[in-house]
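Structure assessment
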Amino acid sequence: MEKLWSMWEVLLIPGIVRFYENKYLAAVRQSFYVLIPFWLTVSFFDFVGNVLLNPNGILLGKDGLNFGFVLTGGLSGEEYLSGKFAETLKTYREIISTGYGVTAMILTATLAGKLSKIWDCDKHLTIFCALFSYLFISPISLYQRNDFTDYFSETGFFSAFFATFISAKIFSLLFNQKKLKINVPKFCPKYFSRYLSGFIPVLLTLFIFSLISFVFKLIQVVGENFFAGVFDSSIFQSPFFVPVYQFFVWLCWWLGIPGYDITAAIQENVYLAAQVTNQTGETAAIFTTGFFEAGVIHVMGLLIAIIVFSQHESWRSVAKFSFPFMAFNVQEVFIFGLPVVLNPIFLLPYIFAPIANVVVGYIAISWGIVPIFQTEVPWTMPLFLSAAVGTHSIMGAVLQAVWLITDIFIYAPFVITANALELDNEKDGGEKNE
């Protein structure tokens, strides 16, 4: 057993160190550190919007405390939902959507600045090229909504990464071509000459992204009926498809991209619809938004595994500090603070632990041990309670407990292996300050 463990460390540790020191991944990590206070702020407002200001929520809705009925002077049903009170609260949700888009813009600007240093081009021009490129492919609109545009603009993290890396690379290649720089007369002010000389690289970069935006719009127009047919497919309830879906979701999270926001089209058109029809009794779908909202429980498994098995005091401190946030399913403090994001030590368990939960959950529900998720609950509702309310059964909480124990055992070997690593950021608590 000791020889096997030694081989594991010999094969794993050198690759982890090389991966962790990659300059591009370091740039992404550092960019997310800047993003954290803004992301948590928007998440807080999202919580307020979902719990306190949701016309159908647990505070105002008829299935909750029904304060909306009181505050509107006795309105109910369609009259309540179409009234000024409910419509005003719905506007708040649009503002939150814009907030997520702005956090993506912050990510774009920060990451572009760091890439400009790596690729040796002007920082300010690179940042603004990236922001223009992001807005070209992710038009943010408060009042004009369509599925394909919303898919890219609700949070914008997918398009933020795409626009930043591609535009920064294109601009750096063009900017470093002397033939493309405008020869400004020597008597012109220094900064005027500096930025005007970059006009052609900026023009060409943004022209390319205007074409990309046109292609996206073309895909939207051509593919509307195709996407509608895809979302109606039964494949989304297949026990073979869902593990692949979860693989992609949590790989995105490990990359620092909110996985469920990237797959918002599937969440809203498939799993939210399944949740609604379960609630009305029309279907008995296993995989719903309620099922997947519990997916973050595996991160709690990592947190507990670190507290129990880790010898890194800094990791234990971050885990203890993050526990109150994790209790309400807010994982960002933990995954960015440790960090789990772009940390190769936890790549495999972070992706495969939620897949294991899918398998266990599917078996438990399909065999009738645990009821289906019937009631939609706020994503910030504490673990165990959320599943008990969602399934109308204590067995929902038992399922989450089984998930948690399974996840702790999955993470434990990786946490123990990490005890042997002496990474530079263990000493200073993160990346070196610039």
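Each remark here, short or long, concerns the structure printed above.
First, a word on scope: everything that follows refers to the structure included in this document. Along each chain, residue indices are assigned from 1 in the same order as the chain's sequence is written. Confidence filtering applies because this is a predicted model: local features only for residues at pLDDT of at least 70, side-chain atom pairs given and counted only at 80 or more, and all residues used for totals across whole chains, interfaces and linings. Calculated side-chain values reflect all of the structure's heavy atoms, with hydrogen atoms and water omitted.

1. Looking at the overall build of the protein
This is how the line gets drawn: A run of H or I in DSSP counts as a helix once it spans at least four residues, and a run of E counts as a strand once it spans at least two, with each numbered from the N terminus. Contact between two residues is taken to exist if any of their heavy atoms lie within 4.5 Å; hydrogens are not considered. Each accessible area is a Shrake-Rupley estimate made with a 1.4 Å probe; only the visible protein chains count as cover when residues are assessed.
What the protein contains, in helices and strands, is 21 helices and zero strands. Residue pairs at least 24 apart in sequence account for 71% of intrachain contacts in the protein once pairs closer than 6 positions are excluded. With the model as given, the accessible surface of the protein reaches about 21600 Å², and the carbon-plus-sulfur share is 69%.

2. Details of the packing of aromatic side chains
Definition in use: Here a pair means two rings of Phe, Tyr or Trp (six-membered ring of Trp) with centres within 6.5 Å. Their orientation is stacked below 30 degrees between planes, edge-to-face above 60, and tilted elsewhere. A 1.4 Å probe rolled over the protein chains alone gives each residue an accessible area, and that area as a share of the maximum for its type sets the label: buried under 20%, exposed over 50%, partly exposed in between. Criterion for a charge above a ring: Arg CZ or Lys NZ at most 6 Å from the ring centre, at most 35 degrees from the ring normal.
Applying the stated criterion to the full structure yields 21 aromatic pairs. Here Y271 and F292 contribute two aromatic rings whose centre-to-centre distance is 4.8 Å and whose plane-to-plane angle is 70°, an arrangement assigned as edge-to-face. Of the two residues, Y271 sits in helix α13 (residues 264-280) while F292 sits in helix α14 (residues 289-293), which places them 21 residues apart along the sequence. Judged by its relative accessible area of 0%, Y271 is buried. Judged by its relative accessible area of 2%, F292 falls in the buried class. With centroids separated by 6.0 Å and ring planes inclined at 80°, the aromatic side chains of F291 and F373 adopt a geometry described as edge-to-face. Within this pair, whereas F291 is found in helix α14, its partner F373 is found in the loop between α18 (347-366) and α19 (385-391), the two being separated by 82 residues in sequence. Taking relative accessible area as the criterion, F291 reaches 3% and is therefore assigned buried. F373 gets classed as buried once you look at its relative accessible area, which sits at 2%. Joined through ring pairs, the aromatic side chains of F236, F241, Y245, Y271, F287, F291, F292, Y362, F373 and W403 make up one cluster. The ring of F175 carries K181 above its face, with NZ or CZ at 4.3 Å from the centroid.

3. As for the side chain of T205
Filter applied, for reference: Within 3.5 Å is the distance limit for a polar contact, defined as a pair of N or O atoms, with the added protein rule that one can donate a hydrogen and the other accept it, and that residues adjacent in sequence qualify only through two side-chain atoms.
Within the secondary structure, T205 sits in helix α10 (residues 199-231). Residue T205 is classed as buried on the basis of its relative accessible area, which comes to 0%. Among the polar contacts listed, one links the side chain of T205 to the backbone oxygen of P201, at a separation of 2.7 Å. Not counting residues up to four positions away in its chain, the partners in contact with T205 are C129, S133, S167, I170, F171 and L174.

4. Quick look at the nonpolar core
What counts is decided by this rule: Here the nonpolar core consists of buried residues drawn from Ala, Val, Leu, Ile, Met, Phe, Trp, Tyr and Cys, with membership extended through side-chain atoms lying within 4.5 Å.
Ranked by size, the top nonpolar core spans 82 residues in total, and within it Y271, F291, F334, I335, F346 and Y350 carry the most contacts. With nine residues, the top contributor of residues to this core is helix α2 (residues 23-52). Apart from residues no more than four positions distant in its own chain, F334 is found in contact with V299, L302, L303, I306, V318, A319, S322, M326 and V340. Membership of the second largest hydrophobic core comes to five residues, among which are C121, L125, F171 and F175.

5. Regarding helix α16 (residues 313-326)
The α-helix advances 3.6 residues per turn, and as a result positions three or four apart in sequence lie on the same side. This is how the line gets drawn: In a helix, the anticipated span is given by 1.5 Å times the number of residues less one.
Helix length check: α16, at 14 residues, gives a terminal C-alpha distance of 19 Å against a target of 20 Å (1.5 Å per residue), a fit within 8%. If you check which residues of α16 are buried, you get W315, R316, A319, S322 and M326.

6. Let's talk about the pattern of salt bridges
Selection rule: Counted as salt bridges are all cases of a side-chain nitrogen of Lys or Arg within 4 Å of a carboxyl oxygen of Asp or Glu.
Overall, the coordinates contain one salt bridge when judged by the stated rule. With a closest N to O distance of 3.8 Å, E313 and R316 form a salt bridge. Of this pair, E313 and R316 both sit in helix α16, three residues apart, which is roughly one turn of the helix. The class for E313 is partly exposed, based on a relative accessible area of 48%.

7. Focus: the packing of helix α15 (residues 297-309) against α16
For clarity, the threshold we go by: Lines fitted to C-alpha atoms define the axes here, with helix axes fitted over just the stretch in contact, and angles between the N-to-C directions of these axes take values from 0 to 180 degrees. Crossings are sorted by hand: turned counterclockwise from the far helix by less than a right angle, the near helix makes the crossing left-handed, and turned clockwise it makes it right-handed. Under the convention adopted here, Pro, Cys and the residues Ala, Val, Leu, Ile, Met, Phe, Trp and Tyr are nonpolar, Asp, Glu, Lys and Arg are charged, and Gly plus all remaining residues are polar.
Between α15 and α16, the shortest axis-to-axis distance is 9 Å and the interhelical angle comes to 145°. In the crossing of α15 with α16, the sense of the turn from one axis to the other is left-handed. Between α15, through V299, M300, L303, I306, I307 and V308, and α16, the contact on the second element is made entirely by W315, R316, A319, K320, S322, F323 and M326. Residues that form the contact of α15 with α16 fall into these classes: 10 nonpolar, one polar and two charged.

8. Describing the environment of S317
Counting through the fold element by element, S317 comes out in helix α16. Separated by 11 residues in sequence, S317 and I306 place their C-alpha atoms 9.6 Å apart.

9. Here's the deal with unusual backbone geometry
Of note, D120 is a non-glycine position whose phi angle comes to about 55°, a positive value. Mapped onto the elements of the fold, D120 is located in the loop between α5 (84-118) and α6 (123-137). Residues other than glycine seldom take positive phi values, yet F384 does so here, at roughly 75°. When you line up the elements, F384 lands in the loop between α18 and α19. The partly exposed category is assigned to F384, whose relative accessible area is 34%.

Remember, this is a structural readout, not a statement about activity or role.
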